[in-house]
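Notes for the structure review
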Amino acid sequence: IGYVVTENMTLTAKWTPIMLTVTFDTNGGSAIDSVQVIKGEKVAKPQDPQKEGYTLAGWYLENENWSFVDYAVKENMTLTAKWTPITYTITYVGNVNHSNKQTYTIEDESFDLKGTDKTYYEFLGWYEDEEFTKQVTKIEKGTVGNKTLYAKTKYIPVALELDGDSYKVVGYDEKTANVVIPSTYKGKNVTSIGDKAFYGCTSLTSITIPDSVTYIGAAAFEACLGLADEDGFVIIKDVLYGYFGNA
C-alpha cells in the first residue's frame, strides 16, 4: 500500500532534532534548572550559582573542566559545580601579644582566640565591637566573613611575676605618679613586692598597697624621694626606706 509514481519527483527528508538534557548539580549551591540542548550543539553557560563561603571554580563533567565555548553536547549529562573556599582575614586591634590565625576559610576547623598580657596590661579577651559587649573566644568551623577583633585590656601600673601560687611586684610604670597595686591578678593573690621593685622611683608620689601583700623585699622603695612624708621620711608599712630631710 502506498503511492503510485506517475512522474519524476524529488522526495525530501524531514528531520526531528535529538534533544538531550543537561543537568546542573550545584553541589550545595543555589539551584539551577536543567536545560534541553540539540545533540551536537553547545549548551549556554548558566548564571553562576551562589554558595556561602565559596566562589565558583568551574563546571565539571566527571573530572574534566567543561568548556562552554569549545565543547558540544553529545549525550545526556550532568555538570557538577566545583567550589573554592573564600579566604577571609582577621584584623586584631589592641595592645596584646598573640599568635592567632590571620586568615581562615569556612572549612577550617574551629580554633580558639588567645592573647597574652603585655607589661602593665592584663588581657581580658577579644570582642567583636569597640564597646566590648560581644566577646568571642573562638572562630567556629563554618564561620564566614572578614572580621575585626578588639582586645580588651586592663591597665595595671605595676609589673607582676608569678611566684609560686601567687604574684610578686617586680617593677612599675615610671609614667605613673600614683600607683595602686591590685590585690589579685588572674585569679591569684598579689602577696609580695620584690627586691628593688621601686628602686629610684623619683616620679612616684603615692602608692597603695593591699592587705594581701605580706612581704616587701630589700631596697624595694630605696631612693623614692617622691614618697617622703612632710618630715622627709619614706616609711612603707612601718618600715623606713629612706630619709630626705635636712636634719
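Notes on the structure follow.

Concerning the side chain of Glu122
- Among the secondary structure elements, Glu122 is positioned in strand S9 (residues 121-127).
- Contacts of Glu122, omitting those with residues within four sequence positions, involve Asp117, Lys152, Thr153, Lys154, Ile156, Tyr185 and Lys186.

A look at the pattern of salt bridges
- Summed over the entire model, instances satisfying the criterion amount to seven salt bridges.
- The closest approach of N and O atoms between Lys45 and Asp48, which form a salt bridge, is 2.7 Å.
- Note on Lys45: relative accessible area 48%, which makes it partly exposed.
- A relative accessible area of 37% places Asp48 in the partly exposed class.
- Among the salt bridges present, the one from Asp165 reaches Lys188, with a minimum N-O distance of 3.0 Å. With a gap of 23 residues between them, Asp165 in the loop between strand S13 (158-163) and strand S14 (166-172) and Lys188 in strand S17 (residues 188-193) connect regions that are remote in the sequence.

Points about the sheet that holds strand S12 (residues 147-155)
- The sheet built from five strands is open, its strands ordered S7-S6-S12-S9-S10 with mixed pairing. Since the sheet does not close on itself, it has two edges, and those belong to strand S7 (103-104) and strand S10 (135-136), each with one partner.
- Strand direction decides the pairing type here: strand S6 (residues 88-93) and S7, joined by two bridges, are antiparallel. Each bridged residue has a counterpart across the sheet, and for Thr89 the counterpart in S7 is Thr103.

Digging into the state of the cysteines
- Evaluation of the coordinates by the stated rule reveals one disulfide.
- Linked covalently through their sulfurs, Cys201 and Cys224 form a disulfide whose S-S length is 2.1 Å. Because the sign of the S-S torsion sets the handedness, a value of about 130° for the bond joining Cys201 and Cys224 places this disulfide among the right-handed ones. Of this pair, Cys201 sits in the loop between S17 and strand S18 (206-208) while Cys224 sits in the loop between strand S19 (215-216) and strand S20 (233-236); the two residues are 23 residues apart in sequence, bridging distant segments of the chain. Neither Cys201 nor Cys224 differs from the other in exposure class; each is buried.

Focus: the sheet that holds strand S5 (residues 77-85)
- With mixed pairing, the five strands of this open sheet are ordered in space as S2-S1-S5-S3-S4. Across the chains shown, the open sheet's two edge strands, defined by having one partner strand only, are strand S2 (35-38) and strand S4 (64-65).
- Across four bridges, the pairing between strand S1 (residues 19-25) and S5 is parallel. Residue pairing in the sheet places Asp25 in a bridge with Thr80 of S5.

About the criteria used
Residues numbered from 1 in each chain as written. Predicted model: local features only at pLDDT ≥ 70, side-chain atom pairs only at ≥ 80, totals over all residues. Heavy atoms only, no water. Helix = DSSP H or I, 4+ residues; strand = E, 2+ residues; numbered from the N terminus. Contact = heavy atoms within 4.5 Å. Salt bridge = Lys/Arg side-chain N within 4 Å of Asp/Glu carboxyl O. Buried < 20%, exposed > 50% of the residue type's maximum accessible area, 1.4 Å probe, protein only. Pairing = 2+ DSSP bridges. Disulfide = S-S within 2.5 Å.

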